[in-house]
Structures are given as structure tokens and as C-alpha cells.
Amino acid sequence: MGELSFIFKDNYDKNNLVGVNGDASCLICKEKDFESLIEIMPKGTVGYIYTIQTNLVEFSYILEGIIEFIDNQETIILKAGDIYFHHSLNQNHMFRVIEDARVLNLNTGPYYSSYEEDENHLMTVLENLQKVDGDTLNHCIRVRRLCLGITYFLREGFEQLDDLYFAAIFHDVGKAKIPPEILMKPGKLTTEEYEIMKEHSRYTYEMIKERYGETIAEIAFQHHEKLDGTGYPRGLKENEICLLARVIAVADAYDAMVVTRPYHVGKSIQDAIKELRRCQDTQFDSKVITALESYLRTLD
Ligand SMILES: [Fe+2]
């Protein structure tokens, strides 16, 4: 394994998101074990670079692949040899991997540690739920991925990506308080059982609020509300349901339809989209469904 020697020289414009091709020669990496700094991002990966209020700097150097960024509603294509970095950004920037990418990330300090610590708290609850029902954690991970993909194509909600990040993964964490015999019941729930099941939204709200605050808790609280007011637990209507809850609702329903479980054969992508469209404007936001379709097309 060779040693990469990369660090920026002084003349980069740190207010600029994007470095130009050929900047690799301006970097020195003192890490000998640079393989551990390389992130593999398969085609279709959607993520974001978030604003950070410390002096930490992260540079990312694209070794292979093509990544598309949204910068003020415009798209910028970066490829091998280009760089991007977190520093002095005044807004979150989303990206999408167009061709399988390998990216070398260089940090001046531990970058994601606070995210990871935050996530660990309720992640243990999801891991325990997974042992009971065999899918909740995986479902939540898929839903978060879908939510980021949808948001990318919506071109809205970027300022709340951190809120979405946590609300999406923990939207069903309240199921931990539902009796397993109801959670795992293979057939149709009785009216009484369904009422108990519906309580998971409120449990989710309470559990998230305690650790992550009101804003994130409120987004997750609304994920079973419907535009026509027939959802639960509060029967909110249209704009009373926040955009990010409408995003989670579509991702959640889509994933539940396409996944195959012991008692459920997954629908095809086309049939699931057809079902979402059948419920658009009554249950789901049509522009969110359109964004989901755009995202799914990029995964072909
Ligand atoms: Fe749910």
C-alpha cells in the first residue's frame, strides 16, 4: 500500500463548494493507512454535505466515479480528481452518485462523531425491535435512504436535512412499546388491536422528543397522517402535515409495499407506484410521489 500525500495548499477558495479537476496535486495526506479513509459510494447513493459551526474541515477527493451536486438549484458534476469540502458552507448541499464512486475523506478532527453518538441512543431500540419482528431496523434504514432520494429530486427541505435524517430512521421506534403479539400478528388486526397499533406514532413522538427535541419528534409524529384528514393520530389535513412527514409517509408506504416478508409478497415497483398514485391528493402528496419516481429511475 503506497502513501498518499495530500493536503490543500493555501490558495483554495474555501467559500466555494467545488474544487477543480487537477487539484489533487495541491493536497497532502499524512495518513499512512489511507484505505480506511476511502468511502465507497455505489451508483444511486444520495447524501448531503451539511453546514458545520466549528473549525473542523473535511475535504473529499474523488478517486473514481461521478457525483452530481445541487448548488443553489443548479447541478454540478464532479468526477475523479475533483474535490469538495465542508467548511464555511451556509447551507446543506445534496449530492447523488451517478457512477460508482470511491472518495477519500480527510478530516481535521472527528467529523461525524456527534451524529453517531446521537444515533446510537435510539438505534439500540431499533436493533432490539429487529430481533422481535425481523425487519423494523432494515425498514427504517431503507426509508431514510428513500427519503434522501426523494428530497434530492424535490429540491425542497434541504435546510431541514438533519431533522429528516433522524426523523426518517426513527419514525417507527415507538413500535417498541406495542405488545409483540399485536406487532407480529400475521393476519388482519381487530379494531381494538389496530387502535393499540396506532399508538406507535405517539410513542415515537415521546421517545424522539426526549432525546432529539420537538422539531424532529413532530415530523415523525405525523408520518401516518393523510392529506384528506383521515389519517392518525390527530387527523391533520394538507399543509398541517409538514413536508418532511409527507416525504416519510410516501417512503414508508412504498417500502412496505415492495418488500417481501413471511406473510407478504412484495409488489413490483410499477404496481407500488400505481397504488401510491391511486391515493395521491387524498393520502399522499403527488409531488413527493413524482420525486420518488425520479429517484427510482436513477437506480436502474
Ligand atoms: Fe409507522
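The preceding data block contains the structure.
Just so it is clear, the model here is predicted, and its values are computed rather than measured.

Draft legend 1. A look at the coordination of the iron ion. Around the iron ion, the donor atoms from the protein are D172 (OD), H200 (NE2), H223 (NE2) and H224 (NE2), and they sit 2.1 to 2.3 Å away. Viewed at the metal, the 4 donor atoms of the iron ion are separated by angles of 81 to 171°, and the geometry they form is irregular. For H223, a relative accessible area of 2% translates into the label buried.

Draft legend 2. Spatial organisation of the side chain of E225. In this fold, E225 is placed in the loop between α7 (214-221) and α8 (243-258). It is R234 that comes nearest to the buried, bridge-free E225 among opposite-charge side chains, at 4.3 Å. Within the structure, E225 has its side chain in polar contact with the backbone nitrogen of R234 (distance 2.9 Å). Among the polar contacts made by the side chain of E225, one reaches the main-chain amide nitrogen of L236 at a distance of 2.9 Å. The residues touching E225, leaving out its near neighbours within four places in the chain, are G231, Y232, P233, R234, G235, L236, I241 and Q283.

Draft legend 3. Broad picture of the packing of helix α6 (residues 200-212) against α7. Axis separation between α6 and α7 bottoms out at 7 Å; the angle between their running directions is 165°. Accordingly, the angle class assigned to the pair α6 and α7 is roughly antiparallel. The two elements α6 and α7 meet at a crossing, and its hand is right-handed. Counting all contacts with α6, which are made through S201, R202, T204, Y205, I208, K209 and Y212, the residues of α7 involved are E214, I216, A217, E218, A220 and F221.

Draft legend 4. Structural context of the pattern of salt bridges. In the structure shown here, the tally under the stated rule is 16 salt bridges. The partner of K274 in a salt bridge is D271, with the nearest N and O atoms 4.0 Å apart. Residue K274 and its partner D271 are located together in helix α9 (residues 269-278), separated by 3 residues, close to a single helical turn. On the accessibility criterion, K274 (58% relative accessible area) is exposed.

Draft legend 5. Spatial organisation of the packing of aromatic side chains. Under the definition given, this model contains 8 aromatic pairs. Among the aromatic residues, those joined into a cluster by ring pairs are Y48, Y165, F166, F170 and Y212. Here the basic side chain of R155 rests over the ring of Y152, its NZ or CZ set 5.2 Å away from the ring centre. The residue whose ring lies beneath R211 is Y212, and the NZ or CZ to ring-centre distance is 5.8 Å.

Draft legend 6. A look at the nonpolar core. Core analysis: the biggest nonpolar cluster contains 67 residues, and L126, I150, F170, I208, L276 and L292 have the highest contact counts within it. Counting residues per element, this core draws most heavily on α8, at 11 residues. Looking at which domains feed residues into this core, each of domain 1 (23-111) and domain 2 (114-298) gives three or more. Among residues more than four places away in sequence, those in contact with L126 are T136, L137, C140, I169, F170 and V173. Listed in part, the 11 residues of the second largest apolar core include I67, F69, A101 and V103.

Calculation criteria
Residues numbered from 1 in each chain as written. Predicted model: local features only at pLDDT ≥ 70, side-chain atom pairs only at ≥ 80, totals over all residues. Heavy atoms only, no water. Donors = N, O, S within 2.8 Å, 3.2 Å for Na, K, Ca; no water. Tetrahedral: all angles 85-135°; square planar, octahedral: opposite > 155°, others 65-115°. Buried < 20%, exposed > 50% of the residue type's maximum accessible area, 1.4 Å probe, protein only. Helix = DSSP H or I, 4+ residues; strand = E, 2+ residues; numbered from the N terminus. Lys, Arg positive; Asp, Glu negative; His and termini not counted. Salt bridge = Lys/Arg side-chain N within 4 Å of Asp/Glu carboxyl O. Polar contact = N/O pair within 3.5 Å; in protein donor to acceptor, adjacent residues only side chain to side chain. Contact = heavy atoms within 4.5 Å. Axes fitted to C-alpha atoms, helices over the stretch in contact; angles between N-to-C directions. Parallel < 35°, antiparallel > 145°, perpendicular 65-115°, else oblique. Left-handed = near helix turned anticlockwise from the far one by under 90°. Phe/Tyr/Trp six-rings, centres within 6.5 Å; stacked < 30°, edge-to-face > 60°. Lys NZ or Arg CZ within 6 Å of the ring centre and 35° of its normal. Core = buried A, V, L, I, M, F, W, Y, C linked by side-chain atoms within 4.5 Å. Domains from an automatic or database assignment.

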